[in-house]
Amino acid sequence: RKGAPPAGRGDSGDQRRGRFADGGVYGRRKEHPLRIIREIKKEFGVKSMVKTLLKSVREYKKATMLTPVFITLEVVMECLIPYVMALMIDTIDSAQAGSTDLLGQIVMYGGILIVMAAVSLTGGFLAGKYAAIASTGFARNLRHDLYYQIQKFSFANIDKFSTAGLVTRMTTAVTNVQNAFQM
């Protein structure tokens, strides 16, 4: 029979199926995980979540924008140092054994390498500093926004969420978001 339950089950399977809030049935068939993820993104809007979170950056926009600039500076210098080192080695290889100008070129390339290393170190230091400032300020504002949002809860919401759960969300979850923002 078409549509009959498999032998040994004794029911049509409706008891195991649940219903979504909009009346749709789930559990009927296996769906591809990527399709489910796309539907979740469409329904909850990942972009809107990022926009909502970025509203908490507020006065830390400068530090937030300077962090990738200094990281880029550090990475560019770290990539250029081996190139300058290769130029120095090529200069040594191509020079004649008795050349007096060779020492001057080695000192010049050595000075350039020292300056590049110092710029890279400074870029890394400043990137870490501004990343820490931006992430702690972001977490501070996010906790502030959460606190005032919780103050707007109705009595039904206050009964629905436990105090311990709200405290956990305001500490652990915000700390995890802060660490992700810092990276």
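The model shown is predicted, which means the values in this text are computed figures rather than measured ones.

Enquirer: Which parts of the structure should I look at to understand the overall build of the chain?
Expert: Along the chain, the regular secondary structure elements total six helices and two strands. When burial is assessed residue by residue, the chain has 21% of its 183 residues classed as buried. Within the chain, contacts between residues separated by at least 24 positions form 70% of all contacts whose residues are at least 6 apart in sequence. When the accessible surface of the chain is summed, it comes to about 14100 Å², and 64% of that surface belongs to carbon and sulfur atoms.

Enquirer: Looking at this structure, how should I read the side chain of Gln178?
Expert: You can see Gln178 is positioned in helix H6 (residues 163-182). Among residues more than four places away in sequence, those in contact with Gln178 are Ser135, Thr136, Ala139 and Arg143.

Enquirer: Teacher, can you tell me more about the side chain of Ser135 here?
Expert: Structurally, Ser135 can be placed in helix H4 (residues 101-151). When near neighbours in sequence (up to four residues on either side) are disregarded, Ser135 contacts Gln178, Phe181 and Gln182.

Enquirer: Explain helix H3 (residues 61-94) here, please?
Expert: A turn of α-helix holds 3.6 residues, and therefore any two residues three or four places apart point the same way. The end-to-end C-alpha distance of H3, which contains 34 residues, comes to 50 Å, matching closely the 50 Å that a straight helix rising 1.5 Å per residue would cover. Those residues of H3 hidden inside the fold are in contact with H4.

Enquirer: For this particular structure, what's the right way to read the nonpolar core?
Expert: Generally speaking, a soluble globular protein has its nonpolar side chains buried in company with each other. Residues Met77, Ile81, Val84, Met88, Tyr109, Leu113 and Met116 constitute the largest nonpolar core, which totals seven residues. Elements represented by at least two residues in this core include exactly H3 and H4. Sorting elements by how many residues they give to this core places H3 first, with four residues. With near-sequence residues (within four places) excluded, Met77 lies in contact with Met116, Val119 and Ser120.

Enquirer: Would you mind showing me how to read the pattern of salt bridges here?
Expert: Side chains that carry opposite charge are capable of pairing whenever their charged atoms lie near each other. As enumerated under the stated definition, the model contains two salt bridges in all. Of the charged contacts, one joins Asp145 and Arg58 as a salt bridge, the two residues approaching to 3.1 Å between their closest N and O atoms. Within this pair, whereas Asp145 is found in helix H4, its partner Arg58 is found in the loop between helix H2 (46-54) and H3, the two being separated by 87 residues in sequence. The class of Asp145 is partly exposed, set by a relative accessible area of 27%. Judged by its relative accessible area of 34%, Arg58 is partly exposed. Across the pair Glu59 and Arg140 runs a salt bridge, and its minimum N-O distance is 3.2 Å. A residue pair is termed long-range when its members are at least 10 positions apart, and Glu59 in the loop between H2 and H3 and Arg140 in helix H4 qualify at 81 residues.

Rules and cut-offs
Residues numbered from 1 in each chain as written. Predicted model: local features only at pLDDT ≥ 70, side-chain atom pairs only at ≥ 80, totals over all residues. Heavy atoms only, no water. Helix = DSSP H or I, 4+ residues; strand = E, 2+ residues; numbered from the N terminus. Buried < 20%, exposed > 50% of the residue type's maximum accessible area, 1.4 Å probe, protein only. Contact = heavy atoms within 4.5 Å. Areas by Shrake-Rupley, 256 points an atom, 1.4 Å probe, with all protein chains shown as cover. Expected span 1.5 Å × (residues − 1). Core = buried A, V, L, I, M, F, W, Y, C linked by side-chain atoms within 4.5 Å. Salt bridge = Lys/Arg side-chain N within 4 Å of Asp/Glu carboxyl O.

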